[in-house]
Amino acid sequence: SSRSYLKVLGILAVVVAIGVAAIGYVTLPEFGDPVRGPRGLEDAVRDHFLVNEKRTATDITFYTCDTYYWARVGVERRPDIKTNPIYLIDKYIAKASTGDGDTWTIVATAVTSPEMDKPCS
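What you see is a predicted model, and the numbers here were worked out from it, not measured in a lab. (Residues numbered from 1 in each chain as written. Predicted model: local features only at pLDDT ≥ 70, side-chain atom pairs only at ≥ 80, totals over all residues. Heavy atoms only, no water.)

### Observations regarding the state of the cysteines
- Enumeration over the complete set of coordinates arrives at one disulfide.
- Here Cys65 is linked by a disulfide to Cys120, with a sulfur-sulfur distance of 1.8 Å. On the S-S bond that ties Cys65 to Cys120, the torsion sits near -90 degrees, and the link is left-handed. With a gap of 55 residues between them, Cys65 in the loop between β2 (57-64) and β3 (69-75) and Cys120 in the segment after β5 (104-110) connect regions that are remote in the sequence. Residues Cys65 and Cys120 agree in their burial class; the two are buried. (Disulfide = S-S within 2.5 Å. Helix = DSSP H or I, 4+ residues; strand = E, 2+ residues; numbered from the N terminus. Buried < 20%, exposed > 50% of the residue type's maximum accessible area, 1.4 Å probe, protein only.)

Written out as structure tokens, the structure reads:
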């Protein structure tokens with residue numbers, strides 16, 4: 001009787017494992033879905049905005065694309081600097097792709113039209 005009990009328990013374990021695998025597969029992010037960025041990507045984006053764009057990033061949302069991560073980045077407005085209108089824009093997009101190892105290549109652009117603010121575009 002213990003042998004038949006182990007058979008039933010084994011079959012039940014296989015069915016549960018298949019169910020968990022199916023749920024995991026169905027919930028994988030697809031092209032253009034918001035995701036949590038890989039380790040180090042958010043820091044790399046924040047550093048890029050501080051060093052290259054001279055802006056402080058506030059909110060960052062990552063989206064998964066084919067070979068890169070697309071990010072919608074909120075930045076602080078700078079109305080005190082009136083000589084450059086770029087400082088009045090509070091939203092950027094960034095494309096981040098991985099290079100060798102843990103380095104990220106980030107290209108950022110200010111959002112100047114609603115068409116630019118579509119993930120993976």
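Now that the structure has been shown, we can carry on.
### Thoughts on the nonpolar core
- Grouped together as the largest cluster of nonpolar side chains are 17 residues, with contacts concentrated most on Val45, Phe49, Ile60, Val73, Tyr92 and Ala94.
- Broken down by secondary-structure element, the contributors of at least two residues to this core are α2 (41-53), β2, β3, β4 (91-98) and β5.
- Top contributing element to this core by residue count: α2, with four residues.
- Every residue in contact with Phe49, bar those within four places of it in the chain, is listed here: Lys54, Arg55, Val73, Val75, Tyr92, Ala94 and Ala108.
- Ranked by size, the runner-up nonpolar core spans seven residues in total, among them Cys65, Trp70, Val111 and Cys120. (Core = buried A, V, L, I, M, F, W, Y, C linked by side-chain atoms within 4.5 Å. Contact = heavy atoms within 4.5 Å.)

### Side note on the sheet that holds β4
- Spatial ordering of the open sheet is given by β1-β2-β3-β4-β5, a layout of five strands whose pairing is antiparallel. Looking at which strands have only one partner, the edges of the open sheet turn out to be β1 (34-35) and β5.
- Here β3 pairs with β4 via six bridges, running antiparallel. Opposite Val73, over in β4, you have Tyr92 as the bridge partner. (Pairing = 2+ DSSP bridges.)

### Some details on the pattern of salt bridges
- Under the counting rule described, the total for this entry stands at four salt bridges.
- Linking Arg46 and Glu42 is a salt bridge whose minimum nitrogen-to-oxygen distance equals 3.0 Å. Of the two residues, Arg46 and Glu42 both sit in helix α2, four residues apart, roughly one turn of that helix.
- With relative accessibility at 36%, the residue Glu42 sits in the partly exposed group.
- Between Arg78 and Asp80 there is a salt bridge, with the nearest N and O atoms lying 2.9 Å from each other.
- One network of salt bridges, with partners in common, ties together Arg72, Lys91 and Asp117. (Salt bridge = Lys/Arg side-chain N within 4 Å of Asp/Glu carboxyl O.)

Everything listed here is a matter of coordinates, which is why it stays silent on function.
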